[in-house]
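Topology and contacts: notes
Residues per chain are reported as follows:
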Amino acid sequence: MKSVIKDQFLVSPFLVLFLIHGMQYGVGVLSFQRDIAKVAGHDAWISILITGILVHIIIWMMYSMLNKTKGDLITIHQQTFGKWIGNLLSLLFILYVLAESTTVLRSYIEIVQVWMFPLLKTWPFALVLLLSVYYVVSSGFRIVTGVCFLAVVLPSYLIFTYVVPIEFSTFRNLLPVFDHSILEMAQSIKGSILSFSGFEYLLFYYPFIKQPESSQKWAHFGNLVTTLLYLLIMIVTLAFFDQAYLQKVIWPTLMMWKIIELPFVERFEIIGVTSWAVVMLPIICLMFWSASRGIKEIFKLKQRSVLVFLLLLSFIVCCLLIDRETIQQYNTFVAEIGFYLLLGYIPFLFICCHIRFKMREKG
Amino acid sequence: MKKKIKIAVVTIIIFFAYMFGRVQRQILDDINMASAVGYDYIDKDKIKATAVMPNYKPDKNVGNETYTASNEISKKTLTKINRQSSRQVVNGKLEVALYSKEVAKHGIGELVDSLQRDPSISERLFVAVAEGETHELLNKRYGDRDTGVYLSMLIEQNMKEGIVPTTNLHQFLNDYNSHLRDPFLPLIEQKGKEVNLKGIALFKDDHYVKNLRQDQQFIFQALLENLQLGTYKLKLKDKEFVAIENINSKSRYRVVNLKNTPEIHIQVKLRGIIREYTGKRTDKKEIEQIKKQMEKQLEKEAAAMIRSFQKLKIDPIGFGNHVRSRTRNFRYQRWVDQYPDVKIGVKVNAIILEKGVVD
């Protein structure tokens, strides 16, 4: 069952840092504040911290499963639930990956349409983006990892831009700390776990890591970077906006960029949105890579032809989402599934997998 | 063969993207960038909008072009203005938005919406209320610049000097949308050939209610933010004046009795330098006198100002946020009911650091 991957296709363990962080830090960063603050108010930053810790636990769970099976999601499924049910579950997981990739793609195009070019049509832009996705993914996993690395390193200068709004902030907004009930905090986790999603693709690329067991610390480190970065953005946002105003703003991060004034550029958010193309591209790439790789493993098809089919599918769905309301609906739908998948299904799989292994050892 | 198909597909995609993915180009020389916009009141559901556009002449002179149109929605008026202009009007370089007092009295909520919804408008835009018609104010040319830039420089300079508190579109929208605060805006007026910053216009929700008296302006700012370069003129007994400059202030809020009716105690610390004095000598006794009188005067002004705020049920300084940030399970409605009767005491502590180069 297990297919050994040749040494030349593997990546170094430390690159997992970029794979994890690069996947988490996506389009959601531009708009995640509002959903969390809706329930948790000015305590939203605590929710980020709690979620960060939760994600650490889930990463640990995934490593524990993967280290045992020495494979990927498909082998875990097959070994735990048997061939047929296992493959069906893998297929459902891949379906979610596809849905999520379309969310990312369409959300980004929407941002470009709202903030830069209102007249831009969806399909030509999606077509060009997906063409570059094909180019990256068809070159293999190492190239995808390279793009992930670039996506973390190149836009890292944007971290300075989160400091500028402090000039107009009132940090008194953050007080009093812990003013929300435990139930409200728990509800807000639902909003924040989605901005952390992206680490679950580890289940797909795990076999492509050299000495995969040693990469665990890098995965945790990647998640730590994400947590700290989100914490910074969240605290600045809460201080910058009044709670009632924050609920009105769809993209708080872009709104914060609007306050930045540079002598050579009037509108910084244009640069921000453009930089986000670099941030967003590897996410879509790795999603398509994971989906096509999964299908290849299950049906023993050629990865490239699967990829073309998936890209076409995503393109069609992307073009069908026309206005803000449908995009919103689609996003919430995918987000809902994502929440249960990350916080419900992966721990469930973890338990099942371990029970199965215990049984096998005894029998 | 397969490679040929691939190349063909890629070429077709790029061709299609190039053909259909193009957006309208905006060349700087072919557009008119409005630098200021003003709104005047006509009747209940009609407003008049005036837009000022700089006109860069070949001899390096900057002229003004003003366009006026009236309609129901401010965005609609912009398209109407577009019809008059020979070049497309865009609002990406808007620096100042003015509302006439008349418009402000009737509520600017609908007009503000066009500013907050449009992504091309800067968050650093200055919003101000104008005494009289904005149409007349904007139609004139001041100084050697176009009116929009002139007004924005005027307001910005005064904010840096500490004459009016810093406000921009972001802060205005923050206060306007907030449940706990009410917005305020600088008030400007046209006086002959100049434009003058008259004071501060106070709002309740989106309605203009009154403007702050000039003598209360200093303490208003001291309570609102930490001043860096304030100036304060004090009238001593028998026609003696003293001007204190470079005042930097720090205010500390203390809220007690949070369970029932909160009480707010504010301590304002001022440090300033005497710049002008019409009395005879500035000896130790005299300085002590000035200090005492300044403290007393400011406390009196503050009390009067806060009382007038409470009477009007407006909260431009944001006492509400101070109470909220110190209260667990803050109940908004209770605070609103309590606000007119809340005891707010201001204590001023002035220190005179220097008195210039002569005694």
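Residues numbered from 1 in each chain as written. Chains lettered and ligands numbered in written order. Predicted model: local features only at pLDDT ≥ 70, side-chain atom pairs only at ≥ 80, totals over all residues. Heavy atoms only, no water.

If you look chain B up in an unreviewed UniProt entry, it shows as Ger(X)C family spore germination protein from Neobacillus novalis. The UniProt entry for chain B carries the following comment under Sequence similarities (unreviewed entry): "Belongs to the GerABKC lipoprotein family." Of the comments in the UniProt record for chain B, the one headed Subcellular location (unreviewed entry) reads "Membrane". (UniProt positions renumbered as here; feature names shortened; annotations may be inferred.)

Looking at an unreviewed UniProt entry, chain A carries the name GerAB/ArcD/ProY family transporter, with the source organism given as Neobacillus novalis. Word for word, the UniProt comment on chain A under Sequence similarities (unreviewed entry) is "Belongs to the amino acid-polyamine-organocation (APC) superfamily. Spore germination protein (SGP) (TC 2.A.3.9) family." Entered under Subcellular location (unreviewed entry) in the UniProt record, the comment concerning chain A runs "Membrane".

Observations regarding the packing of helix H1 (residues 16-24) of chain A against helix H7 (residues 141-153) of chain A
In a pair of packed helices, the angle between the axes and the distance between the axes together describe the arrangement. Residue and element names in this part refer to chain A. Closest axis-to-axis distance for the H1/H7 pair is 8 Å, and the angle between their directions is 65 degrees. In terms of axis orientation, H1 runs roughly perpendicular to H7. Helix-helix and strand crossings are classified by hand; for H1 and H7 the assignment is left-handed. Judged by residue contacts, Phe18, Leu19, His21 and Gly22 of H1 engage Phe141, Thr145, Cys148, Phe149, Val152 and Val153 from H7. Looking at the contact of H1 with H7 residue by residue, the class counts come to 7 nonpolar, 3 polar and no charged. (Axes fitted to C-alpha atoms, helices over the stretch in contact; angles between N-to-C directions. Helix = DSSP H or I, 4+ residues; strand = E, 2+ residues; numbered from the N terminus. Parallel < 35°, antiparallel > 145°, perpendicular 65-115°, else oblique. Left-handed = near helix turned anticlockwise from the far one by under 90°. Contact = heavy atoms within 4.5 Å. Nonpolar A, V, L, I, M, F, W, Y, C, P; charged D, E, K, R; others polar.)

Thoughts on the pairing of strand E8 (residues 184-191) of chain B
Within a regular strand, the side chains alternate between the two sheet faces. Residues and elements named next belong to chain B. The buried count for E8 comes to 6 of 8 residues, which makes it a mostly enclosed element. Strand direction decides the pairing type here: strand E7 (residues 126-130) and E8, joined by 2 bridges, are parallel. Within the sheet, the bridge partner assigned to Ala130 lies in E8 and is Ile188. Here E8 pairs with strand E9 (residues 194-204) via 8 bridges, running antiparallel. Looking at the pairing, Phe184 lines up with Leu202 of E9. Connecting the antiparallel pair E8 and E9 is a turn made up of 2 residues, with Gly192 showing a positive phi of about 60 degrees. (Buried < 20%, exposed > 50% of the residue type's maximum accessible area, 1.4 Å probe, protein only. Pairing = 2+ DSSP bridges.)

Details of the pattern of salt bridges
All names here are of chain B. Tallied over the entire structure, the rule returns 16 salt bridges over all chains. In this structure, Lys198 engages Glu131 in a salt bridge whose closest nitrogen and oxygen atoms are separated by 2.8 Å. Here Glu131 lies in the loop between E7 and helix H5 (134-139) and Lys198 lies in strand E9, a separation of 67 residues in the sequence. Classification of Glu131 as partly exposed rests on a relative accessible area of 23%. A salt bridge links Glu288 to Lys292, with the nearest nitrogen and oxygen atoms 3.8 Å apart. Here Lys292 and Glu288 lie together in helix H9 (residues 284-312), a separation of 4 residues that amounts to about one turn. By sharing partners, the salt bridges in this structure join Lys101, Glu131 and Lys198 into a single network. (Salt bridge = Lys/Arg side-chain N within 4 Å of Asp/Glu carboxyl O.)

Topic: unusual backbone geometry
Cis peptide bonds are those with omega within 30 degrees of zero, and the linkage from Leu175(A) to Pro176(A) qualifies with -15 degrees. Within the chain, Asn246(B) stands out as a residue other than glycine whose phi angle is a positive 50 degrees. Counting through the fold element by element, Asn246(B) comes out in strand E12 (residues 240-256). When its relative accessible area of 32% is taken as the criterion, Asn246(B) is described as partly exposed.

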